[in-house]
Amino acid sequence: MGRTRAHGAASGLVWTIGLAALTWGGLGLTGVHGTALSGTERAAVAAAVDTTPPRGLRLEGGPNADGWYAAPARYRWTAQDPDSGIDWCQGGSVDPVDSAVPLTVFGTCVNGMGLSASYLGFSYRYDGTPPTLDPVATPAVVARHGVVVAVPHATDALSGVARQGCNGGRAPNTRRLGPHTVTCFVRDRAGNLATASVSYLVVDRRLRQS
């Protein structure tokens, strides 16, 4: 009789997990199987009555520190369960559509006894478009050993400019006569990078004065 009850409980557990998988599948989330215990080990745990849900639920593959994605990516939740193990965790794919409106997603993990951790959510925005820049060197013609200032003039309409600069932060070289080129860069808050170059001319001081 004990075996009949155990078999009935196991069948009920399989049905419950299957129903949960169908429900979460309808939400567009997928289950990622983890390290669940074997049937024999699970039965042993059942005898000890594992009533503790998974702990330490966290997200892997989340957005950057500013809450942005810049390219298609996958994410998944992960957790630990020292008793019955993790059976499966939810995960999904980033919606690769540029938007400044945050999209919030929730997920969880289920242990070997069918218990789930409290749902954990995160929000993200998506910017897959690189910023633009229109660098300028002033003056465009400079006397030898003079001073040239290069400015990126960067813009980003969606996530905004995070960093920009020219020539690695160094002053452009004016020691050598002739044409020179410096490279400028801009990185937006989503992590997209763009570069562009600007040229200037170094001439003899006497020629410049004339």
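Reading guide: rules and limits
- Residues numbered from 1 in each chain as written.
- Predicted model: local features only at pLDDT ≥ 70, side-chain atom pairs only at ≥ 80, totals over all residues.
- Heavy atoms only, no water.
- Disulfide = S-S within 2.5 Å.
- Helix = DSSP H or I, 4+ residues; strand = E, 2+ residues; numbered from the N terminus.
- Buried < 20%, exposed > 50% of the residue type's maximum accessible area, 1.4 Å probe, protein only.
- Lys, Arg positive; Asp, Glu negative; His and termini not counted.
- Salt bridge = Lys/Arg side-chain N within 4 Å of Asp/Glu carboxyl O.
- Contact = heavy atoms within 4.5 Å.
- Phe/Tyr/Trp six-rings, centres within 6.5 Å; stacked < 30°, edge-to-face > 60°.
- Pairing = 2+ DSSP bridges.
- Axes fitted to C-alpha atoms, helices over the stretch in contact; angles between N-to-C directions.

With that out of the way, let us pick up the state of the cysteines. Overall, the coordinates contain two disulfides when judged by the stated rule. Two residues, Cys-89 and Cys-109, share a disulfide whose sulfurs are 2.1 Å apart. Linking Cys-89 and Cys-109, the disulfide has an S-S dihedral of approximately 110° and is accordingly described as right-handed. Taken as a pair, Cys-89 in strand β5 (residues 86-93) and Cys-109 in strand β7 (residues 109-111) lie far apart in primary sequence, 20 residues in all. Given the relative accessible area of 0%, Cys-109 is considered buried. Across the disulfide from Cys-166 sits Cys-184; the S-S distance is 2.0 Å. Since a negative S-S torsion denotes a left-handed disulfide, the Cys-166-Cys-184 link at about 105° is right-handed. Of this pair, Cys-166 sits in strand β14 (residues 161-166) while Cys-184 sits in strand β15 (residues 178-188), and the two are 18 residues apart along the sequence. Judged by its relative accessible area of 9%, Cys-166 falls in the buried class.

To continue, consider the side chain of Asp-127. One can find Asp-127 in the loop between β8 (120-126) and β9 (132-133). Put simply, Asp-127 is tucked away with no salt bridge, and the nearest opposite charge, on Arg-189, sits 8.9 Å away. In this structure, Asp-127 is in contact with Trp-68, Tyr-69, Ala-70, Asp-98, Asp-156, Leu-158, Ser-159, Asp-188, Ala-190 and Asn-192, ignoring residues within four places of it in sequence.

Let us look at the packing of aromatic side chains. If you walk through the whole model with that rule in mind, you get five aromatic pairs. Each ring, one from Tyr-75 and one from Phe-122, has its centre 5.1 Å from the other, and the planes form 75°; the classification is edge-to-face. In this pair, Tyr-75 is assigned in strand β4 (residues 74-80) and Phe-122 in strand β8, connecting sequence segments 47 residues apart. Both residues of the pair, Tyr-75 and Phe-122, count as buried. An aromatic cluster of at least three residues, connected via ring pairs, comprises Tyr-69, Tyr-75, Trp-77, Phe-122 and Tyr-124.

A word on the sheet that holds strand β16 (residues 193-203). Strand order in the open sheet formed by four strands is β11-β16-β15-β14, with mixed pairing between adjacent strands. Among the strands making up the open sheet, the edge pair consists of β11 (141-143) and β14. Strand-to-strand twist of the sheet, defined as the mean angle between neighbouring strand axes without regard to direction, takes the value 30°. In the sheet, β11 pairs with β16 via three bridges, with the strands oriented parallel. The partner of Ala-143 across the bridge, within β16, is Val-203.

So, about the sheet that holds β8. The strand order across the open sheet built from three strands is β3-β8-β6, with neighbouring strands paired in mixed fashion. With partners counted over all chains shown, the strands left at the sheet margins are β3 (68-69) and β6 (99-107), one partner each. As defined by bridge partners, β3 adjoins β8 across two bridges and the pair is classed as parallel. Looking across to β8, one finds that Tyr-69 is bridged to Tyr-126.

A word on the environment of Val-101. Relative to the assigned elements, Val-101 resides in strand β6. Overall, Val-101 belongs to the exposed group, its relative accessible area being 60%. Sequence separation between Val-101 and Ser-123 is 22 residues, and the spatial gap between their C-alpha atoms is 9.6 Å. Leaving out residues up to four positions away in the same chain, Val-101 has contacts with Tyr-124 and Arg-125.

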